[in-house]
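Chain residues, written in single-letter form:
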Amino acid sequence: MSNNDSNLYNNQPFLAGGGSMGEMIRKFDWSKTSLGPPEQWPVELKNMTSMLLTNAFPVLICWGDDFIQIYNDAFRPINGEGKHPQALGGSAKDTYAEIWETIGPMFADVMQGKTHGFPEFMVPLNRNGYIEECYFDFSYSPIKSVDGIIGGILVVCVETTERVNSLKEFQKSEDAFRNMNEEMASANEELATTNEELFESRENLQQLLEELADSESKTRSIVEAAPFPIGVYIGKEMRVVLANKSILDVWGKGYDVIGKLYADILPELDNQAVFTQLDHVFTTGEPFVARNQRLDLVVDGETKTSYFNYNFTALVGKSGEIYGVMNTAADVTDVAIARQKLQETTDDVSALNEELAATNEELAATNEELLVANEEHALINNELAKVNNQLSLAQDELQLAINAASLGTFDLNPVTGRFVGNDLLKSWFGLQPEEEIELHKATDVIDENDRERAIAAIQTSLTYESGGDFDTYYTILNPLNPIPKIVRAKGKALFNDERQPIRLSGVLQDVTEQRKDEQRKNDFIGMVSHELKTPLTSLTAIVQVLNSKLKSSEDNFISGALDKANIQVRKMSSMINGFLNISRLESGKIHLDKSDFNLEVLIENMIAETQFSSPGYLISLSPCNPISVNADPDKIGSVISNLLSNAVKYSQKGTHIEVTCLIKDNGVEISVRDEGIGVKAEDVQHLFDRYYRVNNPNYSHISGFGIGLYLSSEIIRQHRGEIWVESTPGKGSTFYFSIPLK
Ligand code: ADP
């Protein structure tokens, strides 16, 4: 045999199979080592080498005093590129020089018959194109000859990378997944128990190995007692020839399986790809490795889901033919479930994270909206603050004005009857500033002559139809102050949507002095008018006597002058009558002297008088039926006379004046229409005020005092009638009044 021979020891049946390491072992020139050529090896070394070559687990044999090494395909990556291929046929002392200090004494012990373990030894392996940290439990046990002489050491490795990595992952996520950790801890405990069992079993295995040294049949026992599942199936039909207790427990089909077909024992695997995998290994010789493979097995009649790392390795006969498949496996269910739970928890946490992220986004959006709303609120608040400032300025100004004008203010809530007033008002009512104004106190202080009228005015203003206006005069008799005070009360009522009054607010103005002045003026006018009336009456009588005596006078001038004197005297007397009436009215001395009379006749008389004194106008009466009314004929006559003389005064000569008289709604309506200068809308509302005259420079030559319409309106009011005007400036006016028929 020479080194050039590509397969130096191909003729040794125990060196058959074993993949690439089998190839290398067969090629290796063992004669140069202390082992010598393989055919001369002791039987126990041959047996062990045969077992090593067919085993899917990493196995190393260190033989002899210099621990010459033989290892299989599974062990090769553990040596890595740094130690392989020099390790094959080399001494373990050299290969593991860096840890020899640790393992050297162990090896020495094993050579003395002891066993040793080296748990979780880290080996960096490049199995998937990158370097990963892998962990192995090493077991060192002696290989004995039939005579009990220890010839070498069997090193068996079980990979624990998964477990170590899982532990690492668990530790990393310890804080986040405390619950998970508990489960992991229990899974770890179980694994630890399994490890212990494994270790125990390894010791058993050791014993079995010792027995194996006795005979080949003992090898079978070792396999059967192995702590991990091992099965051997022969022929394409996969007849079970070897199945250890561990694999029988996994199958859960009892112990009577030897000689039966794999597919018959495990029919539930039919659609789980296992049969195909076995067939592929048997047909091609390529080993099959599954990791964390789920298998649903019917164990003791019940379907049980487990996870396995398992290998199918082809068994090759002497002539290279494949005669069977060896199946080794490790139950990794606990780790798989732990990993699943970890994954589920991770999924839950990431789902939770996504939800939280979504919620965060929503909250952020809501925050932004709130921010915008806040900004808007801030703007509105600013505006409100400005408006408030303006309001309080306006209130201050109002208060100043109220104080400066010495006005009493009041606010009545008609719903609760609460009456509030300022200090000045309280002092007028004889109350102290801190005293409340009870409603009856506010009315009790009104002079009894005015009280009924004032209360009626309040009540009227509280009706929606009145428009809420309150404007009246009355006298206050304060119990603490004997001097009566005349006040003008002016206010406005507010109404709700149901047209119910909700408050009446306003001011009271002390007009005592003003009223006294007017009274003095009225008294003076009354006195003067009265004094003028007597000589004027005499003058009228003299003019009339003269008129009748000189009627037939030839002198045109005298008769014309007397006519004019007569007209002027009439004008003057109507003027003086007006002043007298007004002074009577003011002092409340005007009384109606009612009687039944024919209104048509009265109107005709008044037209005749006016026509007499103003012959330049065409005054007509539209057909008017005889109407009997109950009224004061003198005063109604003075109203008609006033309207006619105004129509004359404020129209051009030659124009037409038309009087009508109609019965309407239980009353009679009289109108006087002219074609004169008319009245502007803004003046119309004041025409019936005392002393009011339209301010028009074009007509300043027209004399008057602004008392005629005032007196007329007072007379009509006393008759419970109405007086009003319709007018178009430049076209003419129509004055109306109506009085009730009954
Ligand atoms: P006066 O004595 O000033 O005429 P009145 O009270 O009778 O007083 O009238 C008040 C004012 O009403 C007048 O000054 C005048 O401006 C206006 N007026 C009255 N009647 C007419 C009318 N027919 N046409 C135009 N203006 C009138």
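Residues numbered from 1 in each chain as written. Predicted model: local features only at pLDDT ≥ 70, side-chain atom pairs only at ≥ 80, totals over all residues. Heavy atoms only, no water.

With an unreviewed UniProt entry as reference, the chain is termed histidine kinase, source organism Mucilaginibacter jinjuensis.

1. Structural notes on the overall build of the chain
Looking only at helices and strands, the chain has 21 helices and 22 strands in total. Relative to the 2.2 N^0.38 estimate, which gives 27 Å for 742 residues, the radius of gyration of the chain is 68 Å and therefore markedly larger than a compact globule would have. With the C-alpha coordinates aligned to their principal axes, the bounding extent of the chain is approximately 195 × 60 × 50 Å. Counting across all 742 residues of the chain, residues that qualify as buried make up 41%. (Helix = DSSP H or I, 4+ residues; strand = E, 2+ residues; numbered from the N terminus. Rg over C-alpha atoms; globule rule 2.2 N^0.38 Å. Buried < 20%, exposed > 50% of the residue type's maximum accessible area, 1.4 Å probe, protein only.)

2. Observations regarding the sheet that holds strand E12 (residues 418–421)
Taken in spatial order, the 5 strands make up an open sheet running E12-E11-E15-E14-E13, and their pairing is antiparallel. Looking at strand neighbours, the two that pair on one side only are E12 and strand E13 (469–476), the edges of this open sheet. For this sheet, the mean angle separating the axes of adjacent strands, direction not counted, is 20 degrees. Sheet topology places E13 next to strand E14 (residues 485–495); 8 bridges connect them, and they run antiparallel. By the bridge assignment for E14, Phe470 is matched with Gly491. (Pairing = 2+ DSSP bridges. Axes fitted to C-alpha atoms, helices over the stretch in contact; angles between N-to-C directions.)

3. Observations regarding the UniProt feature "coiled-coil region" (unreviewed entry) in the chain
As annotated in UniProt, the feature "coiled-coil region" (unreviewed entry) corresponds to residues 170–218 and 335–404 in the numbering used here. Secondary structure over residues 335–404 splits into 100% helix and 0% strand, and the C-alpha atoms at its two ends are 97 Å apart. (UniProt positions renumbered as here; feature names shortened; annotations may be inferred.)

4. Structural notes on the environment of Gly706
Mapped onto the fold, Gly706 is located in the loop between helix H20 (681–684) and helix H21 (708–718). As a C-alpha pair, Gly706 and Val298 span 408 residues in sequence and 126 Å in three-dimensional space. Setting aside residues no more than four positions away along its own chain, Gly706 makes contact with Asp689, Arg690, Tyr691, Tyr692 and Arg693. (Contact = heavy atoms within 4.5 Å.)

5. Some details on the packing of aromatic side chains
What the rule picks out here adds up to 25 aromatic pairs. Consider the rings of Tyr464 and Phe495, whose centres lie 5.3 Å apart with planes at 80 degrees: the pair is edge-to-face. Here Tyr464 is found in the loop between helix H15 (448–461) and E13, whereas its partner Phe495 is found in strand E14, with 31 residues between them in sequence. The exposure class of Tyr464 is partly exposed, given its relative accessible area of 36%. Three or more aromatic residues joined by ring pairs form one cluster here, namely Phe67, Tyr71, Phe75, Trp100, Phe107, Phe121, Phe136, Phe138 and Tyr140. When the ring centre of Tyr473 is taken as origin, the NZ or CZ atom of Arg515, which lies over that ring, is 4.1 Å away. (Phe/Tyr/Trp six-rings, centres within 6.5 Å; stacked < 30°, edge-to-face > 60°. Lys NZ or Arg CZ within 6 Å of the ring centre and 35° of its normal.)

6. Side note on the state of the cysteines
Per the stated rule, a full pass over the model turns up 0 disulfides. With no disulfide of its own, Cys62 lies closest to Cys157 among cysteine sulfurs, the gap being 10 Å. Judged by relative accessible area, which is 0%, Cys62 ranks as buried. (Disulfide = S-S within 2.5 Å.)

7. Some remarks on the site of the ligand
Taken together, 21 residues are adjacent to the ligand, and Asn646, Tyr650, Asp674, Arg693 and Leu709 come closest. Within the contact set of the ligand, a nitrogen atom lies 2.9 Å away from a side-chain nitrogen or oxygen of Asp674. Contact with the protein chains hides 96% of the accessible area of the ligand, taken as 530 Å² for the molecule alone. Listed by contribution, the elements that provide at least two residues to the shell around the ligand are helix H19 (633–649), H21 and strand E22 (732–740). (Near = heavy atom within 4 Å. Polar contact = N/O pair within 3.5 Å; in protein donor to acceptor, adjacent residues only side chain to side chain. Areas by Shrake-Rupley, 256 points an atom, 1.4 Å probe, with all protein chains shown as cover.)

8. Looking at the side chain of Thr49
Counting through the fold element by element, Thr49 comes out in helix H2 (residues 43–54). Within polar-contact distance, the side chain of Thr49 engages the backbone oxygen of Leu45 at 2.6 Å.

9. Some remarks on the nonpolar core
The biggest cluster of nonpolar side chains holds 49 residues, and the ones touching the most others in it are Phe107 and Tyr140. Of all the secondary structure elements, the ones that give two or more residues to this core are helix H1 (19–27), H2, strand E1 (59–63), strand E2 (68–71), helix H5 (100–111), strand E3 (116–126), strand E4 (131–144) and strand E5 (150–159). Non-local contacts of Phe107, meaning those with residues more than four positions away in its chain, are made with Cys62, Phe67, Ala92, Trp100, Tyr140, Ile153 and Val155. Counting residues in hydrophobic clusters, the runner-up holds 36 residues, among them Leu602, Val648, Leu709 and Phe735. (Core = buried A, V, L, I, M, F, W, Y, C linked by side-chain atoms within 4.5 Å.)

10. A look at helix H16 (residues 512–549)
For H16, spanning 38 residues, the distance from its first C-alpha to its last is 54 Å, which sits close to the expected 56 Å at 1.5 Å a residue. Along H16, the sharpest kink reaches roughly 25 degrees, centred on Lys533 and followed within four residues by the proline Pro535. Those residues of H16 hidden inside the fold are in contact with E14, strand E15 (501–510) and helix H17 (556–586). (Expected span 1.5 Å × (residues − 1). Bend = angle between axes of the 7 residues up to and from the residue.)

11. A closer look at unusual backbone geometry
Note the cis peptide between His84 and Pro85, where omega equals 5 degrees. Within the secondary structure, Pro85 sits in the loop between helix H3 (76–83) and helix H4 (92–95). In this model, Glu120 sits at a positive phi of 45 degrees, which is unusual for a non-glycine residue. Among the structural elements, Glu120 can be located in strand E3.

12. Section: the pairing of E14
Sheet faces and side chains relate simply in a regular strand, where the side chains alternate between the two faces. Bridging between E14 and E15 involves 9 bridges; their strand directions are antiparallel. Looking across to E15, one finds that Phe495 is bridged to Pro501. Hairpin connection, E14 to E15: the antiparallel pair is bridged by 5 residues, and Arg499 has positive phi, about 65 degrees.

13. Looking at the pattern of salt bridges
Where charged atoms from two side chains of opposite charge approach closely, those side chains can pair. Using the criterion set out here, one finds 24 salt bridges in the structure. Taking the shortest distance from any N to any O, the salt bridge between Arg26 and Glu23 comes out at 3.5 Å. In this pair, Arg26 and Glu23 are both assigned in helix H1, 3 residues apart and thus about one turn of the helix distant. Accessibility expressed as a relative area gives 9% for Arg26, which makes it buried. Salt bridges here are not isolated pairs; linked through shared partners, they connect Asp471, Arg488 and Lys490. (Salt bridge = Lys/Arg side-chain N within 4 Å of Asp/Glu carboxyl O.)

14. A short note on a negative patch on the surface
Among the surface-exposed residues, Glu196, Glu197, Glu200 and Glu203 lie close enough to one another that they form a single negatively charged patch. If you trace the backbone, Glu196 turns up in helix H7 (residues 178–212). Glu196 sits in the exposed class, given a relative accessible area of 53%. (Patch = residues over 30% accessible without salt bridge, like charges linked within 9 Å, V, L, I, M, F, W, Y side chains within 5 Å. Lys, Arg positive; Asp, Glu negative; His and termini not counted. Charge placed at Lys NZ, Arg CZ, Asp CG, Glu CD.)

15. Notes on the packing of H19 against H21
Running from N to C, H19 and H21 point in directions that differ by 145 degrees, and their axes come no closer than 9 Å. With respect to the hand of their crossing, H19 and H21 are arranged in left-handed fashion. Contacts between H19 and H21 pair Lys635, Ile636, Ser638, Val639, Asn642, Leu643 and Asn646 from the former with Gly708, Leu709, Ser712, Ile715 and Ile716 from the latter. Per-class residue counts for the contact of H19 with H21 are 6 nonpolar, 5 polar and 1 charged. (Left-handed = near helix turned anticlockwise from the far one by under 90°. Nonpolar A, V, L, I, M, F, W, Y, C, P; charged D, E, K, R; others polar.)

16. A look at the sheet that holds strand E10 (residues 322–331)
Spatially, 5 strands are ordered E7-E6-E10-E9-E8 in an open sheet, and the strand pairing comes out antiparallel. The open sheet has two free edges, formed respectively by strand E7 (239–243) and strand E8 (288–299), since each of these has just one partner strand. Strand-to-strand twist of the sheet, defined as the mean angle between neighbouring strand axes without regard to direction, takes the value 35 degrees. Of the strand pairs in this sheet, E8 and strand E9 (residues 302–316) are connected by 10 bridges, and their pairing is antiparallel. Of the residues in E9, the one forming a bridge with Val289 is Asn311. Running at roughly 125 degrees to E9, helix H12 (residues 333–404) makes contact with E8, E9 and E10 of the sheet.

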